[in-house]
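One letter stands for each residue in the lines below.
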Amino acid sequence: MLLATCALGALPAPALAMAQDWPQWGRDETRNMVSEVTGLPTDFVAGEFVGATDEIDPSTTKNVKFVAKVGSASYGNPTVSGGMIFVGTNNDSPRDPRYKGDRSCLYAFDEKTGEFVWQLAVPKLGTGKVSDWEFLGICSSPAVEGDRVYLVTNRCEVVCLDKNGLADGNDGPFMDEAKYLADPGAEPGELLPTDADIIWTLNMIDECGVFPHNITSSAVLIAGDQLWVSTSNGVDYGHVETPAPTAPSLILVDKNTGELLAEEASGLSERIFHCNWSSPAFLRTENKQLGIFGGPDGFCYAFETTPVEGPDGWPILKEAWRFDCNPAEYRMKDGKEIHYPNRYGPSEVLGTPVVYDGKVYCVIGQDPEHGEGVGNMVCLDENGKQLWHYQKINRSLSTPAIVDGLVFIADFSGFVYCLDANTGKEYWVHDTKGHIWSSPLVADGKVYIGNEDGYMTILPAKKTYDKKDVIEIDMVSQVYSSAIAANGVLYVATHTHLFAIADMENQ
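Because the structure is predicted, anything quoted here is derived from the model rather than measured.

Let's talk about the overall build of the protein
Okay, so step 1: What the protein contains, in helices and strands, is 3 helices and 39 strands.
Okay, so step 2: By the compact-globule yardstick of 23 Å for 507 residues, the protein fits well, its C-alpha radius of gyration being 21 Å.
Okay, so step 3: Referenced to the eigenvectors of the C-alpha coordinate spread, the extents of the protein come out at roughly 60 × 60 × 45 Å.
Okay, so step 4: Expressed as a percentage of its 507 residues, the buried residues of the protein come to 61%.

The structure is reproduced here in structure tokens:
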């Protein structure tokens, strides 16, 4: 491939989402978890199960527009665009008897009714926990633009799907859906309108030499005609070596064709602590356009948008700057390196960096299996210079939400923090008393955050804090994914159900 084919100029600013859609992780390229939706209820009831089943009795809910059954594990947050809802899950509650056993699924629902429309039911890699953890669903939050849906699968693929599934025909160039969906060694079956229509695929194992660790989980970033994708390259099962130390942690893909345009070549995979599960963001100021990436080595990186020719002639992403998000004392003590993992040692970046007012906000954290530990949050200018840092936070998997000069962030220990976005000054800290995997959503003047114990905590999105203003709602199942708001509705995906929450008196 000639370098000229991907030497793109300035990328156009993104088009505004239709109405108040939430078309990708973080809503837009800044990844800022803030919605303009208003009128959301705070007095909703998730309901009760019907006997010993896993079905919710609608008569026991309050201000719930509909409840859609998903599988038994849902980590990626829903996205809403063009009248459709997309959410990743597993196959523990099969929507189609043709697809049996352990698979990772993407469900598409009708936004108005919650009715199931179609699914992508991806077979597992067969590698087990090392690269495709059993019974984990699609962990990538889909990115939707027009009639195209982009995500990464459990098989370490970037895929482009037709928003309408196969109901409107099989669009090419990919035409082998039946073979793709078949179990290993099985004959391809009949395709139905409820199956996904795959437009193209890019296998990052084959094309980039990636060794995914545990699960591939990046949320694809759409920026112009480019897709920025982190690869989930990581360590081996024993956490001793990185099997693919020269594979990229971040790639650039043509959104129209699935062609690999460029790879980062900053040596990131040689410095991986565990895995790169962070998703990219995009910085757009008067002077700069940069792809922002939270590195698996604990650094925040910025890359130029136009690839350059690498040493071997292959296009690479030019590094603009990097910043170590770990304080020096997390890496060295008494002149000795602190080895990973350590409660008081360095961490990678797991949550997505957020761009706000020309600044980058980034938090460090580790796999929840490593437990709790020290964390840090940094605020950087467009040149990668630290403006402030906040070290009282613990390890975090979360992505910040920033509005009206306030930044809201959660840590794995269960605390939610409100800080001044310009100075890092702490205004308040709230303890949800449950581990937090998800990210805070700010909408309608409130902060919504779910925790591992299954509670949705609603806090005031302001610098003053009073415990009497805090609302806690039992969602009847663990909440690992992040709430979103779109077109007057709050969406909460628990491990087992997708709830559409709205003021039903005004619907």
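Let us keep going from here.
Concerning the environment of Thr457
Okay, so step 1: Inspection of the secondary structure puts Thr457 in strand E35 (residues 455-460).
Okay, so step 2: Thr457 sits in the buried class, given a relative accessible area of 1%.
Okay, so step 3: Separated by 16 residues in the primary sequence, Thr457 and Ile473 have C-alpha atoms spaced 6.5 Å apart.
Okay, so step 4: When neighbours within four sequence positions are excluded, Thr457 is seen to be in contact with His430, Thr432, Val447, Tyr448, Ile449, Val470, Ile471 and Glu472.

Quick notes on the nonpolar core
Okay, so step 1: Ranked by internal contacts, the top residues of the largest apolar core, which has 77 residues, are Leu120, Leu161, Phe408, Tyr448, Met475, Leu490 and Tyr491.
Okay, so step 2: Filtering out sequence-adjacent residues up to four positions away, Tyr491 remains in contact with Phe66, Pro78, Val80, Ile85, Glu111, Ala483, Ile484, Ala486, Leu498, Phe499 and Ala500.
Okay, so step 3: Judged by nonpolar contacts, the second largest core, of 21 residues, contains Tyr150, Val152, Leu227 and Leu260.

Considerations on the sheet that holds strand E33 (residues 441-443)
Okay, so step 1: Pairing in this open sheet of 5 strands is mixed, and the strands run E1-E33-E34-E35-E36 from one edge to the other. Each of the sheet's edge strands pairs with one partner strand only, and the pair in question is strand E1 (34-35) and strand E36 (471-474).
Okay, so step 2: As paired strands, strand E34 (residues 446-450) and E35 are joined by 5 bridges and run antiparallel to one another. Bridge pairing in E35 places Val447 opposite Leu459.

Conventions and cut-offs
Residues numbered from 1 in each chain as written. Predicted model: local features only at pLDDT ≥ 70, side-chain atom pairs only at ≥ 80, totals over all residues. Heavy atoms only, no water. Helix = DSSP H or I, 4+ residues; strand = E, 2+ residues; numbered from the N terminus. Rg over C-alpha atoms; globule rule 2.2 N^0.38 Å. Buried < 20%, exposed > 50% of the residue type's maximum accessible area, 1.4 Å probe, protein only. Contact = heavy atoms within 4.5 Å. Core = buried A, V, L, I, M, F, W, Y, C linked by side-chain atoms within 4.5 Å. Pairing = 2+ DSSP bridges.

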